[in-house]
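What follows is each chain in one-letter form.
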Amino acid sequence: MRNATAAPIQRTVVERQVNIHIIFLFVFLLTLSLGSTIGASINTWFLSGQQWYLVEPSTFPGKAKAFIEDILTFIILYNNLIPISLIVTMEVVKFQQAQLINADLDMYYAPSVTPALCRTSSLVEELGQIEFVFSDKTGTLTRNEMEFKKCSVAGIPYADVAEEGGEDEEGTRTFEELQGLLYGEAEKSVSTGAIEDREWEVAREFMVLLAVCHTVIPEVRDGKTHHQASSPDEAALVAGSEMLGYQFHVGCPLLVKCCFTDSS
C-alpha cells in the first residue's frame, strides 16, 4: 500500500504550454491591476482637494477599503487578458480531430472490418509530434503472425524463393534443394562426395534440433496437428521443420517423437 501511487494525469505538450502562458498572463493581470490601483490611490489621495464633487474617504480604514475595491475593479476590467475561451476551443478542436481519425479510410482494416477508433481525445495533438516508436518484437504494432521464410545451414542460405548472390557470395537456394540434400535426391543434390556427406550431416542435425528444441505442445484436432506455443516464434520454427519433412509428433519431459517424411 505504501508503494501504491495514483495514476498521473496525462497532459500534452500543448496543454502544458497553454497552462504556463495562462499563469504568466494571470501574474501580469495582477501586476497591472496593482499598478493601476496604486495610480488611482495617488490620484485620490493627493488630488482629492481639487475633486471636491467626489465623496472620498479620509480615514485610513476607508482608504484601505477603497484600495481593495479598486484592485478588484481593475481585475474585472482586465480579465479579458486571460483567454478562458481558448480552453474550450482546444477541446472542441481535439474532439473534431478524433472524429476525423475515426472516419479515416486509410486506417480502415478490411479483413476484419475494423475501422480506427479514437478512445480519447486528450492526446490527439501528440500524434504529429512523434519522432521515435519503441516496440518489442511482434504483437504491439503487427498482427503477431510469423512464418518460416529463410534459414542458413552450414553457411548456405535457403529460402522459399532463390535469390542471386553477388560476385563474391553465393546466392540463396530454395527449400526444395534443402529437401533434396536431406533425402538424397540426385536431381536436387547440391554437392558431391565428402562435401555432400558433410552437408547432409549438418543439414540433418539442423532439422532435428529445429524440430525438437522448443516448448511447443502438439494437439490433434479433426485429424490435423495444431501447435500450442508460448510465442509465435517457436510455432513458426516447428511449422517450418514440418514443412521440410521433420514433423514434431509427441513431446514430454522424458520422450520426444518426430516423424521424418521425405519430400515425396
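Just so you know, these numbers come straight off a predicted model, no measurement behind them.

*Asks:* Quick question: what am I supposed to make of the pairing of strand β5 (residues 224-228) here?
*Replies:* One face of the sheet, then the other: side chains in a regular strand alternate in exactly this way. Across 5 bridges, strand β4 (residues 217-221) lies against β5 in antiparallel orientation. Across the sheet, the residue bridging to Val-220 is Thr-225, located in β5. Adjacent in sequence and paired antiparallel, β4 and β5 are bridged by 2 residues, among which Asp-222 carries a positive phi angle near 60°.

*Asks:* Quick question: what am I supposed to make of the nonpolar core here?
*Replies:* When a protein is soluble and globular, its nonpolar side chains tend to lie buried together. Judged by nonpolar contacts, the single largest core of 15 residues is most densely connected at Cys-151, Tyr-158 and Leu-178. Within the residue set of this core, elements represented by two or more residues are β1 (150-153), β2 (156-159), α4 (175-183) and α5 (193-212).

*Asks:* Is there a simple way to think about the packing of aromatic side chains in this case?
*Replies:* Two measures describe an aromatic ring pair: the distance that separates the ring centres and the angle between the ring planes. In this structure the tally under the stated criterion is 2 aromatic pairs. Considering the side-chain rings of Phe-148 and Phe-175, the 5.6 Å spacing of their centres and the 20° angle between planes classify their relative orientation as stacked. Here Phe-175 lies in helix α4 and Phe-148 lies in the loop between α3 (84-102) and β1, a separation of 27 residues in the sequence. Residue classification places Phe-148 among the buried residues on the basis of a relative accessible area of 12%.

*Asks:* Even after reading the chapter, I still don't get the sheet that holds β1, so can you show me in this structure?
*Replies:* Within a sheet, each strand pairs with its neighbour through backbone hydrogen bonds, oriented either parallel or antiparallel. Read across the sheet, 3 strands follow the order β1-β2-β3 without closing on themselves; strand pairing throughout is mixed. Whereas interior strands pair on both sides, the edge strands pair on one side only; in this sheet they are β1 and β3 (173-174). Across 2 bridges, the pairing between β2 and β3 is parallel. Looking at the pairing, Ala-159 lines up with Thr-174 of β3.

*Asks:* Whenever I open this one, a nonpolar patch on the surface confuses me. Can you help?
*Replies:* Together, Leu-34, Ile-38, Ile-42, Trp-45 and Phe-46 make up a nonpolar patch on the protein surface, roughly 520 Å² of accessible area in all. With respect to the element layout, Ile-38 can be found in helix α1 (residues 13-46). Looking at Ile-38, the relative accessible area reads 40%, which means it is partly exposed.

Analysis parameters
Residues numbered from 1 in each chain as written. Predicted model: local features only at pLDDT ≥ 70, side-chain atom pairs only at ≥ 80, totals over all residues. Heavy atoms only, no water. Pairing = 2+ DSSP bridges. Helix = DSSP H or I, 4+ residues; strand = E, 2+ residues; numbered from the N terminus. Core = buried A, V, L, I, M, F, W, Y, C linked by side-chain atoms within 4.5 Å. Buried < 20%, exposed > 50% of the residue type's maximum accessible area, 1.4 Å probe, protein only. Phe/Tyr/Trp six-rings, centres within 6.5 Å; stacked < 30°, edge-to-face > 60°. Patch = residues over 30% accessible without salt bridge, like charges linked within 9 Å, V, L, I, M, F, W, Y side chains within 5 Å. Areas by Shrake-Rupley, 256 points an atom, 1.4 Å probe, with all protein chains shown as cover. Salt bridge = Lys/Arg side-chain N within 4 Å of Asp/Glu carboxyl O.

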